[in-house]
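Listed here are the chains, written in short residue letters.
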Amino acid sequence: MALYRYINHFVAPMEITPELLERYGRGQCSAKERAAIEAWLENSDEDDDTVKLVPIAKEREQRMKASFEQALANRESSKKRTGRPTVKWLVAASLALLVGLSTFWYVNNGSTVYETGTGELRTLVLDDGSKVVLNALSRLEVGRGFGSNNRNLTLEGEAYFEVKRDSLLPFTVQTDSSRTTVLVTNFNLSAYKNETASLALTEGKVSFFHQGDKSGSPIIVLPDEAIHLVNGKLEKYKMKTDFAKAWTTKKLVFQSQKFSEVLAEVERFYGVQIIVKNTSLNNRLYRGSYNYPDLTTLLESMAFVL
């Protein structure tokens, strides 16, 4: 789908296209083009999908990161001189350096935030040595001082964690509805908006608390156990370790899930929207395992099963 914006600049409006934004990221724009783009950035939302979908090569990510850090340092220096608060356009203008990365990071009140686009996985190594695989359409916020005086994270979406041992600093992942606390463990946590948070443990021991649990108490989860909320109560069940993290290798594994839940995963995985005209199918249970199939093959298989 073509994405474009118009900016009133001097006499005639200028079309802001993905190609123009990419040239801007490379420093190849004319002065007029650069002024138009920066005016657009100043007046647009930094979460605008337009800037997320413009293609920019991965090998330039490190150079962009360094430029972003310099822009942030310059802004902090300016703020000290003027005493004025940070304004939204700085973040947007700095993000021009990261335009087009479907996975990108930025700084928010001292925290570092990582986001992924549709159909995308991202592996991160945190300052404490812990490893995180971030699933599609997910957001991970790493708190200020992570690895030195805390190990606090905030997750929206899904991630698989391999946590390094630190007996002094518990590793805590907060979502809108749950809190997971560990010392050393490997676990998968899913917490997409409008979906019930669930956790599956592959190694170690986890304390899991969900706001919707009527008991109000955290539950201890052990290896090869998974937990989710059912009718206001947390329930544990056995799960094979390979199933819990299958998505990290781009495999799709569905274990007697509602078909509506299956479709939500497929939509994130492929970046598509699927419309089911026969809504009675949504509550049917579906099982299946697929090794990164093309979308047509997957849908044909699902249609056959149903």
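That block above? That's the structure.
Now for a quick tour of the structure. (Residues numbered from 1 in each chain as written. Predicted model: local features only at pLDDT ≥ 70, side-chain atom pairs only at ≥ 80, totals over all residues. Heavy atoms only, no water.)

Turning our eyes to something else, we now look at the overall build of the protein chain. Regarding its fold elements, the protein chain presents eight helices and 18 strands. When the 306 residues of the protein chain are sorted by exposure, 42% land in the buried category. In the protein chain, the proportion of contacts linking residues at least 24 apart, taken out of those at least 6 apart, comes to 43%. Within the structure as shown, the protein chain displays about 16,700 Å² of accessible surface, and the carbon and sulfur contribution to it stands at 49%. (Helix = DSSP H or I, 4+ residues; strand = E, 2+ residues; numbered from the N terminus. Buried < 20%, exposed > 50% of the residue type's maximum accessible area, 1.4 Å probe, protein only. Contact = heavy atoms within 4.5 Å. Areas by Shrake-Rupley, 256 points an atom, 1.4 Å probe, with all protein chains shown as cover.)

We now examine helix 7 (residues 259-270). Compared with an ideal rise of 1.5 Å per residue, which puts 12 residues at 16 Å, helix 7 spans 16 Å between its outermost C-alpha atoms and is within 8% of the ideal. For helix 7, the set of buried residues is F259, V262, L263, A264, V266, R268 and F269. In the core, the buried residues of helix 7 are packed alongside strand 17 (251-258), strand 18 (285-291) and helix 8 (295-305). Two residues or fewer after helix 7 comes G271, characterised by a positive phi angle close to 70 degrees. (Expected span 1.5 Å × (residues − 1).)

Here we come to the packing of helix 7 against helix 8. Where helix 7 contacts helix 8, the two axes come as close as 12 Å, and the packing angle between them is 170 degrees. With respect to each other, helix 7 and helix 8 are oriented roughly antiparallel. Across the interface between the two elements, F259, V262, V266 and Y270 from helix 7 touch L295, L298 and M302 from helix 8. Residues of the contact of helix 7 with helix 8, tallied by class, amount to seven nonpolar, no polar and no charged. (Axes fitted to C-alpha atoms, helices over the stretch in contact; angles between N-to-C directions. Parallel < 35°, antiparallel > 145°, perpendicular 65-115°, else oblique. Nonpolar A, V, L, I, M, F, W, Y, C, P; charged D, E, K, R; others polar.)

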